Protein chains: 2
Amino acid sequence: MAPIRNTRVLFNSVPQGYPVPGETTVVDHSQTLDLDAVDLAGGKVLAKTLSISIDPYLRGKMRSPEKKTYNQPFEIGKPLYSHAVVKVLRSENPKYKAGDYVYGVFDWAEYQVFSEGLDARVLPPDSGIPWSVYVGVAGMPGKTAYYGWKEIAKAKKGETIYVSTAAGPVGSVVVQLAKAEGLKVIASAGQESKLQFLRDLGADVVFNYKTTSVEKVLEEHGPVDIFWDHVGGSTTNTVLAHMNTFGRVVVIGSISSYNTPQAEPIANFPHILYKRLTVRGLIVTDHEKEYRDAFYATIPGQIARGEIKYTETIVRSLDEAPQLLLDVQKGDNTGKAVVILADD
Amino acid sequence: MAPIRNTRVLFNSVPQGYPVPGETTVVDHSQTLDLDAVDLAGGKVLAKTLSISIDPYLRGKMRSPEKKTYNQPFEIGKPLYSHAVVKVLRSENPKYKAGDYVYGVFDWAEYQVFSEGLDARVLPPDSGIPWSVYVGVAGMPGKTAYYGWKEIAKAKKGETIYVSTAAGPVGSVVVQLAKAEGLKVIASAGQESKLQFLRDLGADVVFNYKTTSVEKVLEEHGPVDIFWDHVGGSTTNTVLAHMNTFGRVVVIGSISSYNTPQAEPIANFPHILYKRLTVRGLIVTDHEKEYRDAFYATIPGQIARGEIKYTETIVRSLDEAPQLLLDVQKGDNTGKAVVILADD
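Residues numbered from 1 in each chain as written. Chains lettered and ligands numbered in written order. Predicted model: local features only at pLDDT ≥ 70, side-chain atom pairs only at ≥ 80, totals over all residues. Heavy atoms only, no water.

(A) Broad picture of the interface of chain B and chain A. Contacts between the two partners involve 30 residues from chain B, matched on the other side by 30 residues from chain A. For the pair chain B and chain A, the summed buried area comes to about 2,700 Å², and 69% of that belongs to carbon and sulfur atoms. Summed over the three residues of chain B that lose the most area to chain A, namely Phe-269, Leu-273 and Arg-276 of chain B, the buried surface amounts to 26% of that side. Between chain B and chain A we count two salt bridges in total. Across the salt bridge formed by Arg-276 of chain A and Asp-286 of chain B, the nearest N and O atoms sit 2.6 Å from each other. At the surface where chain B touches chain A, the tally comes to eight residue pairs in polar contact (both at pLDDT 80 or more). For the side of chain B that touches chain A, the elements supplying multiple residues, two or more each, are helix H5 (233-240), strand E14 (243-251), helix H6 (255-258), helix H7 (271-274) and strand E15 (278-281) of chain B. With four residues, E15 of chain B is the single largest residue contributor to the side of chain B that touches chain A. In terms of residue class, the side of chain B that touches chain A is built from 19 nonpolar, seven polar and four charged. Alignment of strand E15 (residues 278-281) of chain A against E15 of chain B, held across three bridges, turns out to be antiparallel. (Contact = heavy atoms within 4.5 Å. Buried area = accessible area lost by both parts, 1.4 Å probe. Salt bridge = Lys/Arg side-chain N within 4 Å of Asp/Glu carboxyl O. Polar contact = N/O pair within 3.5 Å; in protein donor to acceptor, adjacent residues only side chain to side chain. Helix = DSSP H or I, 4+ residues; strand = E, 2+ residues; numbered from the N terminus. Nonpolar A, V, L, I, M, F, W, Y, C, P; charged D, E, K, R; others polar. Pairing = 2+ DSSP bridges.)

(B) Region of interest: the relation of the copies chain B and chain A. You can overlay chain B on chain A at an RMSD of 0.0 Å; the transform is a turn of 180° with a shift of 0.0 Å along its axis. Such a combination of turn and shift is consistent with a two-fold rotation axis. Of the residues that chain B buries at the interface, 100% are likewise interface residues in chain A, meaning the two copies contact each other through the same surface. (Least-squares fit on C-alpha atoms with pLDDT ≥ 70 in both.)

(C) Region of interest: the sheet that holds strand E10 (residues 160-163) of chain A. As summarised here, the arrangement of the 12 strands in space is E12(A)-E11(A)-E10(A)-E13(A)-E14(A)-E15(A)-E15(B)-E14(B)-E13(B)-E10(B)-E11(B)-E12(B), forming an open sheet in which the pairing is mixed. Only two strands of the sheet have a single neighbouring strand rather than two, namely strand E12 (205-208) of chain A together with strand E12 (205-208) of chain B. With direction set aside, neighbouring strand axes in the sheet form an average angle of 10°. Sheet strands touched by H5 of chain B: strand E10 (160-163), strand E13 (224-229) and E14 of chain B. Its angle to E13 of chain B, the strand with the most contacts, is close to 170°. (Axes fitted to C-alpha atoms, helices over the stretch in contact; angles between N-to-C directions.)

(D) A look at the packing of aromatic side chains. Residue and element names in this part refer to chain A. Within the structure shown, the criterion is met by 26 aromatic pairs over all chains. An angle of 20° between the planes, with centres 4.1 Å apart, marks the rings of Tyr-101 and Trp-131 as stacked. With Tyr-101 in strand E7 (residues 101-107) and Trp-131 in the loop between strand E9 (118-123) and helix H1 (140-153), this residue pair connects regions lying 30 residues apart in the sequence. As far as burial versus exposure is concerned, Tyr-101 and Trp-131 are alike and both buried. With centroids separated by 5.9 Å and ring planes inclined at 25°, the aromatic side chains of Tyr-162 and Phe-207 adopt a geometry described as stacked. (Phe/Tyr/Trp six-rings, centres within 6.5 Å; stacked < 30°, edge-to-face > 60°. Buried < 20%, exposed > 50% of the residue type's maximum accessible area, 1.4 Å probe, protein only.)

(E) Broad picture of the environment of Leu-123 of chain B. Residues and elements named next belong to chain B. On the secondary structure map, Leu-123 appears in strand E9 (residues 118-123). Judged by relative accessible area, Leu-123 falls into the buried class, the value being 5%. Once the C-alpha coordinates of Leu-123 and Tyr-296 are considered, the two residues, 173 residues apart in sequence, prove to be 9.8 Å apart. Beyond its immediate chain neighbours, meaning those up to four positions away, Leu-123 contacts Val-85, Tyr-101, Tyr-103, Trp-131 and Tyr-134.

(F) Main features of the side chain of Ser-53 of chain B. All names here are of chain B. For Ser-53, the location among the structural elements is in strand E5 (residues 45-54). Since its relative accessible area comes to 0%, Ser-53 is described here as buried. For Ser-53, the side chain forms a polar contact with the side chain of Asp-55, separated by 2.8 Å. Discounting chain neighbours no more than four positions away, the residues touching Ser-53 are Leu-58, Ser-82, His-83, Trp-108, Val-135, Lys-336 and Ala-337.

(G) View of the domain arrangement of chain A. Residues and elements named next belong to chain A. Assigned domains within chain A: domain 1 (4-135 + 310-340) and domain 2 (140-285). Its C-alpha centre places domain 1 at a distance of 29 Å from the equivalent point of domain 2. The interface is formed by 21 residues belonging to domain 1 together with 14 residues belonging to domain 2. Together, Tyr-70, Tyr-103 and Thr-334 form the three largest contributors to the area buried by domain 1 at its contact with domain 2, with a combined 21%. Scanning the region where domain 1 abuts domain 2 turns up zero salt bridges. Counting the contacts that link domain 1 with domain 2 gives four residue pairs in polar contact (both at pLDDT 80 or more). Taken together, the residues of the side of domain 1 that touches domain 2 sort by class into nine nonpolar, eight polar and four charged. (Domains from an automatic or database assignment.)

(H) Here's a closer look at the pairing of strand E16 (residues 312-315) of chain B. All names here are of chain B. Bridging between E16 and strand E17 (residues 336-340) involves four bridges; their strand directions are parallel. The residue of E17 that forms the bridge with Thr-313 is Ala-337. The handedness of the E16 to E17 crossover, carried by helix H9 (residues 321-330), is right-handed. (Right-handed = clockwise from strand over helix to strand, strands pointing away.)

(I) Highlighting the environment of Gly-331 of chain B. Relative to the elements of secondary structure, Gly-331 of chain B occurs in the loop between H9 and E17. Leave out the neighbours within four places in its chain, and Gly-331 of chain B touches Gln-191 and Lys-194 of chain B.

(J) Here's a closer look at the pattern of salt bridges. One pass over the structure, following the stated rule, counts 30 salt bridges over all chains. In this structure, Arg-8 of chain A and Asp-28 of chain A form a salt bridge, with 3.2 Å as the shortest nitrogen-oxygen distance. Taken together, the residues Arg-8 of chain A in strand E2 (residues 8-11) and Asp-28 of chain A in strand E3 (residues 25-28) connect sequence positions 20 residues apart. On the accessibility criterion, Arg-8 of chain A (17% relative accessible area) is buried. Where Asp-100 of chain B meets Lys-97 of chain B, a salt bridge forms, and the shortest distance between an N and an O atom there is 3.1 Å. Note on Asp-100 of chain B: relative accessible area 9%, which makes it buried. Lys-97 of chain B gets classed as exposed once you look at its relative accessible area, which sits at 54%. Shared partners join several salt bridges into a network, and the residues in it are Lys-156, Glu-159 and Arg-248 of chain A.

(K) Region of interest: helix H1 (residues 140-153) of chain B. Residue and element names in this part refer to chain B. A rise of 1.5 Å per residue sets the reference length of H1, with its 14 residues, at 20 Å; its end C-alpha atoms lie 18 Å apart and thus fit the reference within 8%. Across the 14 residues that make up H1, a large majority, 13, are buried. Lys-154 lies just past H1 and shows a positive phi near 45°. (Expected span 1.5 Å × (residues − 1).)

(L) Up close: the pairing of strand E13 (residues 224-229) of chain A. Residue and element names in this part refer to chain A. Among the six residues in E13, six count as buried, and that is most of the element. Relative to E13, E10 runs parallel, the two sharing three bridges. Counterpart to Val-163 in the pairing with E13 is Trp-228. Of the pairings in the sheet, the one linking E13 to strand E14 (residues 243-251) comprises five bridges and is parallel in character. In the sheet register, Val-224 faces E14, and the bridge partner there is Met-243. Crossover handedness for the path E13 to helix H5 (residues 233-240) to E14: right-handed.

If you want it as C-alpha cells, here you go:
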C-alpha cells in the first residue's frame, strides 16, 4: 500500500494567555506512513485513532519545561497527547491484538505507533456506548468524578453540594451521583443550553454564573456541605464563606488560573479553620488502583442503560482540534469536547 | 466572714485592631462576695480561681455579636472567660466536692460560682505538675497539638514538618511529638529566646521569621510534608508553594488575620490541586470524645517526667491580664501565657 498522510497537532510555542490556534499549536500534514511497512519489531503496535479527549488541564502542559508542576510539559515540536481510544491495526506486542480497542494516553495524530500505552486498557468490543464516551464520562473525566466522590466528598443523604462548571463531563457525573444519593444539588454553568442540561439531570438549583452571583445563590440555598471545585479564584473564595461546618472541598481544577499568570487569591482561607473544612486536591491518576475496577464495573453499564446522561461537543478532524482546545479554556464548548476521527 | 473583693476582667468594647487594655477590656474591682454566704442552692459550686489561660483565639470572641463564627462572642459588660483551673471551696453539686481541682472554661474572676462547668474535668490532686500547666501543654493547647497530630498530620518517619509559631504551647508540643516520631522539624518563632527553646527541644532547623525569609528556609530545607499552620496569610501562601506531593496542612490558627479587617489572601491555593494536598481546619473541642482519654493518659505523665518540656509567661494578677492578652496577639509572650492567681 502506498504511504498515506498522518495528520498531527504539534505543540509549537508556549502561550502567554489563551492558546492560539496556528501559533501555539499547529496542525501538521507533512508526515506520511505506509501502514503495511511500519516496522513493529520489539513489541510495537500500529493503531488508528478513533477519538481524542480535549480537557481543561491540557493548558497546564503547554508551559516552559523549567516550570515544574504535577505533570510533564508538552515538548515543543512534538504532538500534543491526551486520553484517546485507538483501534489496533497490527501488533507485535502480546498485550494487544489486531482489532482491539485501546483506551490510554496517545498522540494527537491519525495513526499511532506505540509499545507500552500509558494508562492503557483494552476496552470491551460491545459495551453499547460510542468510543468517544470512553474518553468522556466513561473515561478520565468520569473517573475524576467517581474517584473524587468516593475519596473526598463522603456525601451523606440530605446534604447540599455545589458543583461549578457542572455541565462538563466531570461536573455532570458528580451532579448525577449526588442526585442518586439524595443530596440537594446546586449547579452552575455559563450558557443557557448548559443550564437546560443541568435541569434535565435533576439538579435542584441551576444558575448561570455569568448573570447571577454565586454569593446570592448560596445565601439563599446554602450553606454548602460539599463544594466540587473546578474553578478556583473568586468563585472558590465566595464559596468558602458559605460552607457548612465540617464541609469538604474537592479541588479538581483551577480553570480561572490556567490562562493567567497569577491565580486570583483566596481571602477566605481562614474559613477552613472556622468551619473545620477539609480541602483536598485530587488528580485522577493517583487513585487508579483503588477505584478503577469499581468504576468500569459500574459506570459504563449505567451509561449504556441511560442512567447516566452526557453531552458532547464533537469535531471530526484534527484541523479543528486547536480551536476546540481554545474553546474548552473559555468554556465555549458544551459537555465533553472530543475529536472523533473514525467511528470504528 | 466579711465580703471580700472579687476582681474580674470585663469585655468593654469591640476592638478595631488590637485589643486595648483599659478600653476594650477593663479590670473591675467593684464586686464583693461573702464566701460563706453565697447561696449554692440548685447544685451550684463556689470555687477559687488558680490559673487562667490566655490564648490567641480569644481575639475572635472580642467581636460584634452579628458576626457569626464557630464560637460565641464575649458579651459586653460581662467577664471574659477561657480555660482555667479552679479549686472548689463549697459545693452543692454531687459532681464536685470541696477541695477538688477542676479544669474547664471559667470567668476571668478571682472567684467563680457555677453549676455545670463547660468542658469541665476534675484533675488528679497529685500529678506532679503545676496547675498552670493544666491550661497549657496539659490543657487545651496541648490537646490541640495532640488531636491535630492524630487526626490530620498522619506523620511518617523521615518526613519533614514545618511548625510556625513553634515556641507556643501548641507548636512546642507538635515539635516534640514530631521529633519523637523521627521527623525532620523546621520551626520558626519571632524572638531569640524562643529560638533557643526550639533548639533545646531538638528542632532540626530553627529560624526567626522576622529576620529570615520562610521562602529561603524552605527552598533549602523543604519540601514540607506537614505544615502546622497557626498563622495564615503570607506565611501560609509561601509554604503552599513548598509543600511536597500528598502533604497535609493542619490549620489550627490564623493569627495574621485576627487583628486586621481582612486576612492576607492566598494566591497559591491551586497548589492544593497540583500537590494533592489535604488542608484541614481543627478546633480542639470537636475531638474531645475521640482523643481526650488517650491525651490525659499520656501527656501529663510525660510532662511530669520531663519528657515534654514547656515554657510559660506568667502574671500573678488580673490587673495584668489585659496587657498579656495584647502581648499574645502580638507574639510578645514566650510559651504559654497564663494568669496565676493562687498556687493552691
